[in-house]
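Breakdown of the fold
Here are the chains, one letter per residue:
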Amino acid sequence: MTYHADEKGYYGQFGGAFIPEMLYPNTEELRQNYLQIMEEPSFIEEFHRLLQDYVGRPTPLYFAQRLSDKYKTKIYLKREDLCHTGAHKVNNTIGQILMAKRLGKTRIIAETGAGQHGVATATVCALMGIECVVYMGEIDIARQAPNVARMKMLGAEVRPALSGSRTLKDATNEAIRDWINNPVNTHYIIGSVVGPHPYPDMVARFQSVISEEIQSQLLEKEGTPNPDFVVACVGGGSNAAGAYYHYLDNEDVGIIAVEAAGKGIHSGESAATSALGKIGIIHGSKTLLMQTQDGQITEPYSISAGLDYPGVGPMHAHLYTSGRGEFISITDDEAMTAGLMISQLEGIIPAIETSHAFAIFDHRKFEKDDIVVINLSGRGDKDLQTYIDYFKL
Ligand SMILES: *Cc1c(COP(=O)(O)O)cnc(C)c1O
């Protein structure tokens, strides 16, 4: 029994590649080459050198004394908020830009909703001197002006998606259209463990540096590589996949996934994809997604832009339905309160996405001796205005 992808990109019944015929050559080239490239010594060397010298890895595993005292258990924070650009997303974009170079690509495209993945992609394109086009819904461009400015400053072209609801899914459609028209010179950097095979597996492998480091850091601090629980928030699922990766098949380690319940699971305004989702196809992958009776994808809602996604990666759909993962949904209010608590208990202002993970301690009790690792996926600077408006600071 394994919770990793099989060679066709399936996690149990989820995953695969459900794509239009015209996209087949693009994903097929990637599928045939990605594992071999990732195993080349020169690739491994360059990836790890950039993670160290450019991203700032390894990120610390920090024992949170005051938080542990409050909840009477041992809580460690994996500090992905200290990565260059302020979140885990850059681990994946570094990996994919090196992959693109090995495949001889000279142009990068990406799609972005809140802009975080667009910024992480524009960053690595600047680093490598490669042309970068980021598709973004016209509505999102207006809502996320600081990230649009960052991408432009980094030299990327931000192209508005003008069709449909002019948000993330329309930007994705534009990016796919671009890729179909430019199959030879262009690589499409997807930002989470979503999309057709091999993306979910490839992105999980790039992010797996997180659990690789947790293992050695915990061994040093606690004399064991294994925590009792590893906890992460789930949007598409990439920071969670990275934090779980080396523990997936070790059932001594509990896996806890935290989803955004928005204004409440049954409010009609939520992004609790696993709890509310049904099997369907989104972005070329068979997974759980929020949809109407007749299969139309429902607009998700969360106060945190990074969790505001109507589906979840196939790894997580499998963890949910198999029972391997424990899924907890947290409302906007609970997350915001937890974000303020962590700021004042530990001196760390978390991204609102991560604040959802911190809110679980009011829902779920742990034993005194339990070692609980929370993946602190990102820092809260980008969310300051939302915190200010919410708390009237
Ligand atoms: C994008 C983002 C997330 C959600 O994406 P995943 O792929 O689920 O990790 C979570 N936290 C932060 C800080 C993010 O920027």
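Here is a short report on the structure shown in this document. Computed from a predicted structure; not experimentally measured. (Residues numbered from 1 in each chain as written. Predicted model: local features only at pLDDT ≥ 70, side-chain atom pairs only at ≥ 80, totals over all residues. Heavy atoms only, no water.)

**Re the pairing of strand β14 (residues 371-376)**
Burial analysis of β14 places 6 of its 6 residues in the buried class, the great majority of the element. Sheet analysis places strand β4 (residues 74-79) next to β14, joined by 6 bridges and oriented parallel. Paired with Leu77 across the strands is Ile374, a residue of β14. (Buried < 20%, exposed > 50% of the residue type's maximum accessible area, 1.4 Å probe, protein only. Helix = DSSP H or I, 4+ residues; strand = E, 2+ residues; numbered from the N terminus. Pairing = 2+ DSSP bridges.)

**Let's talk about the sheet that holds strand β7 (residues 157-161)**
Taken in spatial order, the 4 strands line up as β7-β6-β5-β8 in an open sheet, and their pairing is parallel. Edge positions in the sheet fall to β7 and β8 (186-188), since each of these pairs with one other strand and no more. Ignoring strand direction, the axes of neighbouring strands in this sheet form an average angle of 25 degrees. In the sheet, strand β5 (residues 107-112) pairs with β8 via 3 bridges, with the strands oriented parallel. Across the sheet, residue Ile108 finds its bridge partner in β8, namely His187. Contacts from helix α5 (residues 116-128) reach β5 and β6 (131-137), with the element oriented near 165 degrees to β5. (Axes fitted to C-alpha atoms, helices over the stretch in contact; angles between N-to-C directions. Contact = heavy atoms within 4.5 Å.)

**Considerations on helix α9 (residues 199-207)**
Within α9, 8 of the 9 residues are buried, which leaves it mostly tucked inside the rest of the structure. Turning to α9, its buried residues are Tyr199, Pro200, Asp201, Met202, Val203, Ala204, Phe206 and Gln207.

**Details of the site of the ligand**
Close contacts around the ligand come from 15 residues, with Lys89, Ser192, Gly235, Gly237 and Ser238 the closest. Ser377 is positioned such that a nitrogen or oxygen atom in its side chain is 2.8 Å from a nitrogen atom of the ligand. Isolated, the ligand exposes 380 Å² of accessible area, and the fraction of that covered by the protein chains is 97%. When grouped by side-chain class, the residues that make up the shell around the ligand number 3 nonpolar, 10 polar and 2 charged. (Near = heavy atom within 4 Å. Polar contact = N/O pair within 3.5 Å; in protein donor to acceptor, adjacent residues only side chain to side chain. Areas by Shrake-Rupley, 256 points an atom, 1.4 Å probe, with all protein chains shown as cover. Nonpolar A, V, L, I, M, F, W, Y, C, P; charged D, E, K, R; others polar.)

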